[in-house]
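# Descriptive structure summary
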Amino acid sequence: MIRCGMAEVEITPKLGSVIPGYFGPRHASGVKDSLYAKSLVVESGENTVVIVVLDSIFVPESVTQTIRERVAEDTGIGAAAVLVSATHTHTGGPVSTGFGSVEDPAYLAWAAQKAADSVLLAYRTRKEARIGFGRGHEADIAFNRRFWMKDGSFRTNPGVSNPLIDRAAGPIDPEVLVMRIDDAAGNPIGVVTNYACHTDTVGGAELCADYPGELSRCVKRELGEQAVSLFLLGACGDINHIDVSGKYRKGADHYRWMGRILGAEAIKVREKIRVSDSAPVAALSETFTLKLRSPSQERIDEARRIIETGTDDTRTALYAREIARIADENPPVEATVEVQAVRIGELAIAGLPGEIFVEFGLDIKRRSAFGYTMIDTLSNGTIRAYICTREAYRQGGYEPQMTFRNRFPEETGERLVESAARLLDRLNEAGSSS
């Protein structure tokens, strides 16, 4: 028998709060839609797993620890069974410092408690349930944002209808994975949807959950206000919503357009899913340590020269300040990162930290023995940086640029893939022998 619970708790910050995610500070002037922390609890036999997702650009490791500690204190569920991640909305609360934004410790503490509340509400309202899994396909709303140009140069986001564009440098992941959760009578409890595309379609200074918020509204319109829509962000470090051909340009309502398309696909897939009242659940987690990159003295000297003399290029100035900050603040030279894997029946979830390039997510899916494998990025807060392919470091573009946080070495992505594949194999073997 399975017992499941889902819950959502609002985490919208106050107006005037800093909104991180761009190359300069923004202050919340309004609310397009509310932000939430949403949770799923799945209990099968003696095992329980928890997934909690915040409408936030990141979830710092300290917030993850607070949530896990409170969940453990109130429920006895261990940290390895609690997966914490972010939708990565670029119109969310003040959770990150950098590029002119400053995190708000008071908001972080409050959001952590609210997220823990969502878990406890889901846990305390869990009931006998039936679950199932399915997959859809959506290839027209997500695009690789890295391009080779006709002159042999390389650019990230080269602009719509740029005549110098030659070809995209990589693939997308068009898979839409869906988990259906109903109660024993067949009434909807909620839906988990997994898709790979940057949640940065809104812009401006109004708080917004981006397209996952519109996806949630679609789910509620179809299944009822009680249904919770939990979104897991796939491997999309190099994937966004910009179609450089200019075919799909929806302006200020782009996030609604995307959300409706994904919502329709998720509902279609859900309706075809056959549910079951039994499924093994389990979770594993492991950590490893990486030596971080550091700028050369030559690069530090060049950064200081740019700061002293000034430049009209905003990004060049920002990157110079980031390099100088590394030199001045002497940050840690190593980082310990966490990889997590969750099993729910035929479904596996690989929880990876950082903004993972799509190639790594596709590799994990190919290596997984499970019928359905969701890639969940920005999990557990141990990396808040791009995780690029080795080729990307040589190609250039925006994502490999060194910043105070973005100092992970070239082998990081491969290490994360190997760790995730190892954990998924262990979950599969344990399930096969049980």
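Placed above this text is the structure.
Below is a short write-up of the structure. In this text the structure is predicted, and so the values were computed from the model without any measurement. (Residues numbered from 1 in each chain as written. Predicted model: local features only at pLDDT ≥ 70, side-chain atom pairs only at ≥ 80, totals over all residues. Heavy atoms only, no water.)

Below, the discussion takes up empty space enclosed by the protein. Summed over all chains, the structure comprises 2 cavities of 30 Å³ or more. The computed volume of the largest cavity comes to approximately 40 Å³. What lines the largest cavity is Asp173, Glu175, Asn194, Tyr195, Ala196, Gly234, Ala235, Lys365 and Ile375. Across the lining of the largest cavity, the residue classes tally to 4 nonpolar, 2 polar and 3 charged. Approximately 30 Å³ is the volume attributed to the second largest cavity. What lines the second largest cavity is Leu54, Ser56, Phe58, Val59, Pro60, Val63, Val95, Leu108 and Ala111. Split into classes, the residues belonging to the lining of the second largest cavity amount to 8 nonpolar, 1 polar and no charged. (1 Å grid on protein atoms, 1.4 Å probe; cavity = no way out; pocket = protein on both sides within 12 Å on 5 of 7 lines; lining within 4 Å. Points joined across faces, edges and corners; volume = space filled by probe spheres on them. Nonpolar A, V, L, I, M, F, W, Y, C, P; charged D, E, K, R; others polar.)

Here the largest pocket is characterised by a volume of approximately 710 Å³. Lining the largest pocket we find 36 residues, and of these Gly21, Phe23, Phe99, Tyr386 and Tyr398 sit closest to its centre. Sorting elements by how many residues they give to the lining of the largest pocket places helix α6 (residues 314-329) first, with 4 residues. Its residues assigned to classes, the lining of the largest pocket comprises 12 nonpolar, 15 polar and 9 charged. If you add up the space inside the second largest pocket, you get close to 490 Å³. Looking at the second largest pocket, it is lined by 20 residues, and the ones nearest its centre are Pro332, Thr382, Arg384, Phe404 and Arg405. The leading source of residues in the lining of the second largest pocket is strand β17 (residues 334-344), at 3 residues. Class assignment of the residues belonging to the lining of the second largest pocket gives a composition of 8 nonpolar, 5 polar and 7 charged. (Helix = DSSP H or I, 4+ residues; strand = E, 2+ residues; numbered from the N terminus.)

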